[in-house]
Amino acid sequence: MVYLSSFAFPDWDAEYNFRLNKVKRTCYSTMYPFFVLSARAFSRVDFEPVTIFCGGNGSGKTTALNVIAEKLRLSRSGLYNRSDFFEDYVNMCRCTTEVRPPHGEIITSDDVFDYMLSVRGINEGVDNRREELFEEYNNLKRERSQVRSLEDYDRLKKIADARRRTQSEFVRRNLADNVRERSNGESAFAYFTQRINRDALYLLDEPENSLSAELQQKLTTFLSDSARFYGCQFIIATHSPFILAMRGAKIYDLDADPVDVKKWTELENVRAWYKFFKEHSDKFDS
């Protein structure tokens, strides 16, 4: 599905004219995001169901995503880098939408990191509760009780329950069933699968962060299926060769001057991986 069909950033001349005619004060240390994307003549994007921005650090991938998200007024969870000129820049951008998506959202690596911290906090709570249950189980096994009141009866039921179960059974039964402990990578992957729904536009900023090579491949399959079968459109900033190799993805190389559309096998980032493994190929054959 294509909701956003094209987006135009101001070119260098338009940005220079803005600075010349609109910026009266000279005390600003930066005019960000002016002169970031235009430095390599990145002025227009024509989108597919999956469009990818690839480039080195400082190439403008995240800037482009934030500008697009702001122009479309997509929902977001966290703060992002902006300046006094950000709104002026966004107002100079132009976009063409085929149809308004039912939902649109930008998801950044910071959002995923915050989620992982929350899960870690939950798991730490689970660890504390587990230790409490270990102690409670051992105390119940040693305890003797007689029924004198309803409170004593409830306590006796607990003692009986502890005596007929193993320690691990007792702990599992008394822990919250809906809490699962995961590694950071598993939590990050779960974040995307839980957050991404059908019929929506998603901007993803380096979703591969915290994911192993195996999970990056699983995420690539999930994103591809979501675009092909569930009406999603994705605009992704990434370094991951697995995501870059997604079938049908349109890739803008932000390291090129001017920025150009390329095959994933032509990208310097991917060629660096290829060169490394080719130089060490004998170690895989032994």
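Up top is the structure these notes are about.
Residues numbered from 1 in each chain as written. Predicted model: local features only at pLDDT ≥ 70, side-chain atom pairs only at ≥ 80, totals over all residues. Heavy atoms only, no water.

S.K.: Where do I start with the sheet that holds strand β6 (residues 201–205) in this structure?
M.R.: The strands making up a sheet associate through backbone hydrogen bonding, with each pair oriented either parallel or antiparallel. Strand order in the open sheet formed by six strands is β5-β6-β7-β3-β8-β9, with mixed pairing between adjacent strands. Edge positions in the sheet fall to β5 (104–107) and β9 (260–262), since each has one partner strand and no second. Recorded for the sheet is a direction-independent mean angle of 20° between the axes of neighbouring strands. Pairing between strand β8 (residues 250–253) and β9: three bridges, direction antiparallel. Within the sheet, the bridge partner assigned to Y252 lies in β9 and is V261. Across the sheet, helix α8 (residues 213–229) touches β3 (50–54), β6 and β7 (233–237), and the angle it forms with β7 is around 145°. (Pairing = 2+ DSSP bridges. Helix = DSSP H or I, 4+ residues; strand = E, 2+ residues; numbered from the N terminus. Axes fitted to C-alpha atoms, helices over the stretch in contact; angles between N-to-C directions. Contact = heavy atoms within 4.5 Å.)

S.K.: Would you take a moment to explain the sheet that holds strand β1 (residues 4–8) for this structure?
M.R.: Taken together, the three strands give an open sheet; going across it, the order is β2-β1-β4, and neighbouring strands pair in antiparallel fashion. Each edge of the open sheet carries a strand with a single partner, namely β2 (44–46) and β4 (94–97). When strand polarity is set aside, the average angle formed by the axes of neighbouring strands in this sheet is 10°. One ladder, built from three bridges, connects β1 with β2; its direction is antiparallel. By the bridge assignment, F7 is partnered in β2 with V45.

S.K.: I would appreciate a short explanation of the packing of aromatic side chains in the present structure.
M.R.: Any aromatic ring pair is given by two values, namely how distant the centres are and how the planes are angled relative to each other. Summed over all chains, the structure comprises 18 aromatic pairs. Each ring, one from F276 and one from F277, has its centre 5.4 Å from the other, and the planes form 80°; the classification is edge-to-face. With relative accessibility at 44%, the residue F276 sits in the partly exposed group. Its relative accessible area of 40% is what places F277 among the partly exposed residues. By way of ring pairs, the aromatic residues W12, F18, F34, F35, F85 and Y89 are connected into one cluster. (Phe/Tyr/Trp six-rings, centres within 6.5 Å; stacked < 30°, edge-to-face > 60°. Buried < 20%, exposed > 50% of the residue type's maximum accessible area, 1.4 Å probe, protein only.)

S.K.: Would you take a moment to explain unusual backbone geometry for this structure?
M.R.: Trans is the prevailing form of peptide bonds, just as negative phi is the prevailing case for residues other than glycine. The omega torsion across Y32 and P33 is 10°, close enough to zero to call that bond cis. Note that P33 resides in the loop between α1 (12–22) and β2. The omega torsion across D257 and P258 is 5°, close enough to zero to call that bond cis. Not every positive phi belongs to a glycine, and F35 is a case in point at roughly 65°. Here F35 is to be found in the loop between α1 and β2.

S.K.: What is the right way to look at a nonpolar patch on the surface in this model?
M.R.: Where nonpolar side chains cluster on the molecular surface, the patch consists of W273, F276, F277 and F284 and spans about 460 Å² of accessible area. In terms of residues, the nonpolar patch owes the most to one element, helix α10 (residues 268–279), which gives three residues. Examined against the element boundaries, W273 turns out to sit in helix α10. For W273, a relative accessible area of 42% corresponds to the partly exposed category. (Patch = residues over 30% accessible without salt bridge, like charges linked within 9 Å, V, L, I, M, F, W, Y side chains within 5 Å. Areas by Shrake-Rupley, 256 points an atom, 1.4 Å probe, with all protein chains shown as cover. Salt bridge = Lys/Arg side-chain N within 4 Å of Asp/Glu carboxyl O.)

S.K.: When you look at α8 in this model, what are you seeing that I'm missing?
M.R.: Compared with an ideal rise of 1.5 Å per residue, which puts 17 residues at 24 Å, α8 spans 24 Å between its outermost C-alpha atoms and is within 8% of the ideal. The set of residues buried in α8 consists of L215, Q216, L219, T220, L223, S224, S226 and A227. Structurally, α8 contributes buried residues whose contacts are with β3, α7 (184–195), β6, β7 and α9 (241–244). Looking one or two places after α8, you find G231, whose phi comes out positive at around 70°. (Expected span 1.5 Å × (residues − 1).)

S.K.: What am I meant to see in the pattern of salt bridges here?
M.R.: Any two side chains of opposite charge can pair, on the condition that their charged atoms come close. Per the stated rule, a full pass over the model turns up seven salt bridges. Of the charged contacts in the structure, one is a salt bridge between R82 and E70, with a shortest N-O distance of 3.6 Å. With R82 in the loop between α2 (61–72) and α3 (86–92) and E70 in helix α2, this pair connects stretches of sequence that are twelve residues apart. Residue R82 is classed as partly exposed on the basis of its relative accessible area of 37%. By relative accessible area, which is 25% here, E70 ends up partly exposed.

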